[in-house]
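# Structural features, examined
Spelled out, the chains give:
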Amino acid sequence: MPTIGIIIGFLGFSTFGPLAYWYFKFDSKQNTKDFPKTEYLHLVFPIIGCLLMTFSEKYDNEMYLACNISLTVYLTYIYFRFIFKRRTMNSHLLKLDKAIFITMSLLLFVFLIQYFVATIQLYVIGTGLSSLIISGLFIYMVKYPPNLMKAIHKTKPKPEQIHTIIEALEVKKMYHKQGISLTEFSKTINIPKYIISITIKDRYLKSFPEVINHMRIEDIIKKLKNPDSVNIKIEELAFDVGFNSTSSFYTAFKKETSMTPREFQKTSILNH
């Protein structure tokens, strides 16, 4: 096999462990912060290995053995740190973690056999087995999303989280910021997106974008009911509450009131 093929294979194999570790570590913590720079230290071995194999072919065998050892260490740590400690949990999230862990363990088993019994026939068989193992995980994950969502929606927001979300919307009026998204809102108040979605659905019976538009329209309605706002451009009011285009504003307003802003304003002033 050409040297470049061996190096590419090593690079893929040597990053299995770090990638699995990052998945379990940051998934289990529901981390929303930036990826710590210290985590990149896990890539030192793959980089050094690639450099050694690029300039000297005599390290190929040792590097692939190191890959097997490295993946074994990572999976052992993952099991005791993330799987074993949560074994009493009966959740779909844990089942997915177990499925991924079992898949990685089976792949490691195939890699070990290929390393110690290095024949072309076994490499072909190993490739077929690896494909079957990965396909099995893929099929499981295709069926998994509905169960995953059920598990997520069973998670109840904490009282302090509910208070923070409501305060950010109703008191701080964060919906006035143009182009605000659920992701940006989540990062600003440091609460996971799914917690925000659950809270908003329970309190307002709407999705996040619907609530944002509803609150913006409510602010505009209050101003349109004021006779002093007759000479104010309606578009200016729309931009003040967070809309970034007149078309999206008019669409949202008509959806909420079944009238155009000007029609609503005239009706309100006449009734007043």
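Residues numbered from 1 in each chain as written. Predicted model: local features only at pLDDT ≥ 70, side-chain atom pairs only at ≥ 80, totals over all residues. Heavy atoms only, no water.

### Digging into the overall build of the chain
Scanning the chain from terminus to terminus reveals 14 helices and zero strands. Reading the chain from its N end, one meets helices and strands in the order α-α-α-α-α-α-α-α-α-α-α-α-α-α. Every one of the 272 residues in the chain was classed for burial, and the buried ones make up 37%. Across the chain, every contact between residues at least 6 apart in sequence was considered, and the portion connecting residues at least 24 apart equals 67%. (Helix = DSSP H or I, 4+ residues; strand = E, 2+ residues; numbered from the N terminus. Buried < 20%, exposed > 50% of the residue type's maximum accessible area, 1.4 Å probe, protein only. Contact = heavy atoms within 4.5 Å.)

### Some words on the packing of aromatic side chains
In the structure shown here, the tally under the stated rule is 19 aromatic pairs. Taking 6.3 Å as the distance between ring centres and 20° as the angle between the ring planes, the aromatic pair formed by Phe 24 and Phe 82 counts as stacked. Linking Phe 24 in helix 2 (residues 16-28) with Phe 82 in helix 4 (residues 60-83), this pair joins segments that are 58 residues apart in sequence. Judged by relative accessible area, which is 5%, Phe 82 ranks as buried. One Lys or Arg, Arg 216, reaches over the ring of Phe 243 and ends 5.3 Å from the middle of that ring. (Phe/Tyr/Trp six-rings, centres within 6.5 Å; stacked < 30°, edge-to-face > 60°. Lys NZ or Arg CZ within 6 Å of the ring centre and 35° of its normal.)

### Considering helix 8 (residues 159-171)
For helix 8, built from 13 residues, the straight-helix expectation of 18 Å at 1.5 Å per residue is met to within 8% by its first-to-last C-alpha distance of 17 Å. For helix 8, every residue scored as buried is listed here: Gln 161, Ile 165, Ile 166, Ala 168 and Leu 169. Viewed end-on, helix 8 has its buried residues packed into an arc of 160°, placing them on one side of the element. With respect to the buried face of helix 8, the exposed residues turned more than 90 degrees away are Pro 159, His 163 and Val 171. Looking at the buried positions of helix 8, the neighbouring elements they touch are helix 9 (182-189), helix 10 (193-204) and helix 11 (208-224). (Expected span 1.5 Å × (residues − 1). Arc of directions from axis to C-beta.)

### Section: the layout of surface pockets
To find the voids left in a structure, one rolls a probe of water-molecule size over its atoms. The calculated volume of the largest pocket comes to roughly 710 Å³. Considering the residues around the largest pocket, the lining is formed by 20 residues, among which Gly 9, Phe 13, Tyr 64, Gln 114 and Tyr 123 are closest to the centre. Only helix 1 (3-14), helix 4, helix 5 (92-116) and helix 6 (120-143) provide two or more residues apiece to the lining of the largest pocket. With five residues, helix 1 is the largest single contributor of residues to the lining of the largest pocket. (1 Å grid on protein atoms, 1.4 Å probe; cavity = no way out; pocket = protein on both sides within 12 Å on 5 of 7 lines; lining within 4 Å. Points joined across faces, edges and corners; volume = space filled by probe spheres on them.)

### Things to note about a nonpolar patch on the surface
Judged by side-chain polarity, Leu 65, Ile 69, Val 73, Phe 109, Ile 113, Phe 116 and Val 117 come together as a nonpolar surface patch covering roughly 650 Å² of accessible area. Of all elements in the fold, only helix 4 and helix 5 reach the threshold of two or more residues within the nonpolar patch. Secondary-structure assignment places Phe 109 in helix 5. (Patch = residues over 30% accessible without salt bridge, like charges linked within 9 Å, V, L, I, M, F, W, Y side chains within 5 Å. Areas by Shrake-Rupley, 256 points an atom, 1.4 Å probe, with all protein chains shown as cover. Salt bridge = Lys/Arg side-chain N within 4 Å of Asp/Glu carboxyl O.)

Remember, this is a structural readout, not a statement about activity or role.
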